[in-house]
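A closer look at the structure
Residues per chain are reported as follows:
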Amino acid sequence: MRLSSLSIRNFRVLKSADLAFTDEVIGITGPNGGGKTSIVEAVAWALYGNQAARSGKEEIKSIFARPEENCEVRLDFLINEEKYRVIRRLAGRTQRAEVELYRGEASESVGVNETKKYVGELLGLDWKGFLTSFLARQQELNALSVLQPARRKDHLAGMLGIDRLERAIQRVKESAKVAAGQAEVLARQLAEQDSLKEAIRQLQIRRSDLETAVGRAESAKKAAEAIFTAARDSYMAAQEARGKWVEAGARLEAAQKTVADLNRRLADLRKEADQLARAEEEAVGLRHQLDGLDPARRELEALNDARSRRQYRDQLAKQATELESEQKSISAALAKSDQTLAAIDKELAEIAPTTAVEAEKAKADLEHARQEYSRLLAEQKSHEVQRDKLTAQMTSITKLGPDSVCDRCLRPLGDDLTTIRRHLGDELDSLRSTLDRIGVDLKDALASGAKLKDQAQKLEACAARRAELGIKRESAAREQTGLGERRDDLTRRIEAVRVKLIEAGTVEFDASRYDTVRKTVEALEAVQTRLNRLEGSLTRRQAVTDGIAEMEQSVTAATAECAEHTRNRDSLGYSEESFASARVKFEKTQKDAESAREAAMAAVKEFELTGKELEGKQALLARLDKAREELEEHRTRHFYDEKLAALFAEFRELLISRIRPTLSDISSRLIAEMTGGRYTMVELDERYNLQVLDSGTYYGVERFSGGEKDLANLCLRLAISEALVESAGMNRSFIILDEVFGSQDDGRKELIIQALTNLKHRFPQIFLITHVGDIKDRVECLVEVNPTGYGWSTVMVNGAPA
């Protein structure tokens, strides 16, 4: 099997890649986690589906792909120079699994299960066998040397497919065990043949007795059902009579309720007729009282008009008084406002307009005086420091004498002590004179500053007062204008009210008469309302009279109907005692009939079960006649299964004995090529320990360096792949080596690649997956996988995008 091309879309970290493969050594490089192994996984997934992936379906499709996009891998390959193509995808949002396989241009299979079966038959390998045959990982190389001997043997047996023969041996042994078990059961059954015949005889007697019991139970059931049928008919007749009696009673009860209702309604009508008669008498008296209502209403209307005009004139007079009072208050406020403005103007005249400018100038002079005072203070402090320093020097020199050292030249003072003391005394006198002068200047500056500060504060207060007076004058002027406008408005409104008072004139109104007439009208209107209500009710007098006559006739008819229903119910001749007796008899006979039916069913069931048991034992007795032949067949099968298991075991040992030399020969050839002749022989001992010939003696791989041990394991792993490819019937194929250079130096890497190149007669295509970057120039084709930083990786083939 050789790979022709591989197309990948949204598979794991690979967004898009199209690779073409030829017969050469192909290096696949990139950082760890970048997606190198994803290329190999894409090949296995295309052929075998999700079972060949490291994870579930949900982790195969790229996380950066949109939900509607497909995850798809297309693989083209050759088997015996015949072209095949397999296309596998996870389609759409639901990630529906789809797969198609073509042989040339013709479709060979469609669907997951069909393609799985076809690929297994085509390659002669399941997915585990495929990975073992074509893919060698670093962890597999380590396992060949670090496992315990027994586990190493099992590990190699699994890789070589010998474990399938072991499973076949186990199945044959299980078949022999089943045959032995069946023979043992048949032997026990044959030993119990006499007891089986006795059981059949007892069952036949029991069945005859049960047949008689079934006849008796059926007769009892029929008699009980006949008694029950008669009791049921009697009970149904009693139920029918009771229904008629209940129906007649319901009609009587309804008629009695109708009579009671009609009597109640008749009583209500008669009561209403009495009330209407009394209302007629009251209405006659009320009509006489209403003769004075219209004159009283006219007088009340005239009094209401006079009352309204009187209230209007009183309101005008009150309004005029209120307006005149407010006018006096406004005049007084205007006079006060004139006085306020005059006082403000007088105070403003006393403050010069230039006061603000003079205040600013005084503040500037004060600030200048403060700065001068600060300067004099600093100068005084500096001179005081110099004075204290000179005084200290004088004291120090006087105490130490001529042997003291100059603090500048570091020489003894000697005879210069007197000169120095005189010089220092002159300097001290000069400093004291200067300090006295500065003290006088400070006192003068302090006095001048105090004077300037007082002048500035006074000018600033005057300026602030002038500004405040200006604001007050503006506010008082606005207030005076508003008061004048309000006074003029009040004058106009007072004049208008006086005109209205003249127009209203004098109004005469008697309040006591008004109250008397109003009460009279209210009393008479209440009488009118009562009369209207009475006259409305009196319109029903004729209807009530007619209703009484009709209701009396209805009561007579309903009473006659009640008597008729009573006679009909009494004529039925029904009694509750006879009905209860019929019901008790019905229920008892019903239970008796059910018991009889159950007894008959139980007898029949027991009869049938006994018959089935008898038939089963008779059939078993018939089978026992053939059991001797079956017993012999099972014993024969057990004998030959055991023989076959022994032959399979011998064949397994033969296969193992032959595969070790084969693997040793292939491994020896490979290690000689990969070490430049340094090591030439490799063998597997009976415990499957890997040994290497060195200086004429075989040593275990643990004796050698890590790189040499890995190299020996690699040669053994390649030998296993070659043997497996041959056993699958493939004369030429490919091999994938995943991270096998980890512990090799540069020289050994070169030898390994050269040796792999020499394997082209057996493996035309050799894929080297590694993160080691220095093999770039040692392979014939370089595939580089690099992360982009956006969640996917790009694929480059010989520097060009794939």
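Anything mentioned here points back to the structure above.
To keep things clear, this report deals only with the structure shown in the data block. Every residue gets a number counted from 1 within its own chain, in the order that chain's sequence is written. Two thresholds apply to this predicted model, a pLDDT of at least 70 for residue-level local features and 80 or more for giving and counting side-chain atom pairs, whereas whole-chain, interface and lining totals are computed over all residues. As a rule here, side-chain values come from all non-hydrogen atoms in the structure, and water together with hydrogens is ignored.

One can describe the packing of helix α1 (residues 36-48) onto helix α3 (residues 127-134) by two numbers: an axis separation of 11 Å at closest approach and a directional angle of 150°. On the basis of the axis angle, α1 is roughly antiparallel to α3. Crossing of α1 over α3 shows right-handed handedness. Seen from α1, the contacting residues are V43, A44, L47 and Y48; seen from α3, they are W127, F130 and L131. Only C-alpha atoms enter the line fits that serve as axes; for helices the fit covers just the stretch in contact. Angles between N-to-C directions range over 0 to 180 degrees. The numbering of helices and of strands both runs from the N terminus, where a helix is a DSSP run of H or I of at least 4 residues and a strand a run of E of at least 2. Throughout this description, any angle smaller than 35 degrees is read as roughly parallel, any larger than 145 degrees as roughly antiparallel, any in the 65 to 115 degree range as roughly perpendicular, and the remainder as oblique. Crossing handedness is read from the near helix: turned anticlockwise from the far helix by less than a right angle, it gives a left-handed crossing, and turned clockwise, a right-handed one. Note on definitions: a residue-residue contact is assigned when non-hydrogen atoms from the two residues lie within 4.5 Å.

All right, on to the sheet that holds strand β11 (residues 697-700) then. Read across the sheet, three strands follow the order β9-β10-β11 without closing on themselves; strand pairing throughout is antiparallel. The open sheet has two edge strands with one neighbour each: β9 (682-684) and β11. The average undirected angle you get between the axes of adjacent strands in this sheet is 35°. Whether two strands pair depends on DSSP finding at least two bridges between them. By the bridge criterion, three bridges tie β9 to strand β10 (residues 690-694) in an arrangement that is antiparallel. Residue pairing in the sheet places L684 in a bridge with L690 of β10.

For the exposure calls, accessible area comes from a 1.4 Å probe over protein chains only, and a residue counts as buried if that area is under 20% of its type's maximum, exposed if over 50%, partly exposed in between. Of all five residues in β10, five are buried; the element is thus mostly enclosed. The pairing of β10 with β11 spans four bridges and is classified as antiparallel. The residue of β11 that forms the bridge with Q691 is G700. Two successive antiparallel strands, β10 and β11, enclose a turn made up of two residues, where S695 displays a positive phi of approximately 55°.

With that out of the way, let us pick up the environment of E184. Within the element layout of this structure, E184 appears in helix α6 (residues 162-191). For E184 and R635, which are 451 residues apart along the polypeptide, the C-alpha to C-alpha distance reads 9.2 Å.

Such coordinate-based values are descriptive only and should not be taken to indicate function.
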